[in-house]
Amino acid sequence: MKYCDYPSRSLMVMACQRGIQVYDADGSVMLYWHSLVPPSSDEGECTPNIQVSASFARGISTFQDCMLCIGTDSGNILIFDVPTRGANIVLREMLKGHTAPISCLFNKEDLLGSGDDSGKVVVWQHDVDSNSIQVLTTIDIQGCVI
């Protein structure tokens, strides 16, 4: 669970095995629920052009002034658009740069960093002009002895 601060609001976000829950700052109102449990078909939850199927979520980070990022066990990072008010939180895209479960996420200005259980780190950059998030660099220390 993590408190996520945005310029116009704060949210309480919980990532667990069954899904992602977003509450207002005091936890009194659930604003959004995103299931990670696939429906009866094997296709996963379907948001326009984005299929999500995962067993758990972990790693929570804000990004820029309006995005919420959450890692999954499949190595994907779910990016949600968060409005300045209201409950219209929308899955924007799914970043694919890892093959192991995401273990942590962090942000700094226009950069998002993600780490996974194998030790791989990916640094992503938000391009304001194209409104896209692209890989800036990858550090793969798999098999490295420290």
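Above this text is the structure in question.
Residues numbered from 1 in each chain as written. Predicted model: local features only at pLDDT ≥ 70, side-chain atom pairs only at ≥ 80, totals over all residues. Heavy atoms only, no water.

Quick look at the overall build of the chain
What the chain contains, in helices and strands, is zero helices and 14 strands. Each helix and strand of the chain, ordered N terminal to C terminal, gives the series β-β-β-β-β-β-β-β-β-β-β-β-β-β. The burial tally for the chain puts 45% of its 146 residues in the buried class. Summarising the internal contacts of the chain: among those between residues at least 6 apart in sequence, 36% fall at separations of at least 24. On the chain, roughly 7800 Å² of surface is accessible, and the fraction owed to carbon and sulfur atoms is 51%. (Helix = DSSP H or I, 4+ residues; strand = E, 2+ residues; numbered from the N terminus. Buried < 20%, exposed > 50% of the residue type's maximum accessible area, 1.4 Å probe, protein only. Contact = heavy atoms within 4.5 Å. Areas by Shrake-Rupley, 256 points an atom, 1.4 Å probe, with all protein chains shown as cover.)

Comments concerning the environment of Arg85
Its location among the elements puts Arg85 in the loop between strand S9 (76-81) and strand S10 (90-96). Linking Arg85 and Asp24, residues 61 residues apart in sequence, is a C-alpha distance of 9.9 Å.

Considering the side chain of Arg92
Position of Arg92 among the secondary structure elements: in strand S10. In this structure the side chain of Arg92 is engaged in a polar contact, spanning 3.1 Å, whose partner is the side chain of Glu93. (Polar contact = N/O pair within 3.5 Å; in protein donor to acceptor, adjacent residues only side chain to side chain.)

A look at the environment of Leu111
Assignment of secondary structure puts Leu111 in strand S12 (residues 111-116). A sequence separation of 12 residues divides Leu111 from Val123, and the C-alpha atoms of the two residues are 6.7 Å apart. Residues in contact with Leu111, not counting those within four places in the same chain, are Phe63, Phe106, Val123, Trp124, Gln125 and Leu136.

Examining the nonpolar core
Judged by nonpolar contacts, the single largest core of 20 residues is most densely connected at Val13, Ile20, Val22, Leu68, Ile70 and Phe80. Those elements that provide at least two residues to this core are strand S2 (10-15), strand S3 (19-24), strand S4 (30-35), strand S7 (57-63), strand S8 (67-72), S9 and S10. When residues of this core are assigned to their parent elements, the largest contribution, three residues, is made by S2. Among residues more than four places away in sequence, those in contact with Val22 are Leu11, Met12, Val13, Val29, Met30, Leu31, Tyr32, Leu68 and Ile89. Within the second largest apolar cluster, 12 residues are counted, among which are Leu95, Val122, Trp124 and Ile133. (Core = buried A, V, L, I, M, F, W, Y, C linked by side-chain atoms within 4.5 Å.)

Comments concerning the packing of aromatic side chains
Remark: the centre distance and the inter-plane angle together describe each pair of aromatic rings, the angle taken between the planes. Applying the stated criterion across every chain yields a total of one aromatic pair. Pairing Tyr32 with Phe80 gives two aromatic rings, centres 5.6 Å apart and planes at 70°, and the pair type is edge-to-face. Of this pair, Tyr32 sits in strand S4 while Phe80 sits in strand S9, and the two are 48 residues apart along the sequence. You'll find Tyr32 and Phe80 in the same group, each marked buried. (Phe/Tyr/Trp six-rings, centres within 6.5 Å; stacked < 30°, edge-to-face > 60°.)

Considering unusual backbone geometry
Trans is the prevailing form of peptide bonds, just as negative phi is the prevailing case for residues other than glycine. Even without being a glycine, Glu109 presents a positive backbone phi close to 55°. Its place among the elements puts Glu109 in the loop between strand S11 (102-108) and S12.

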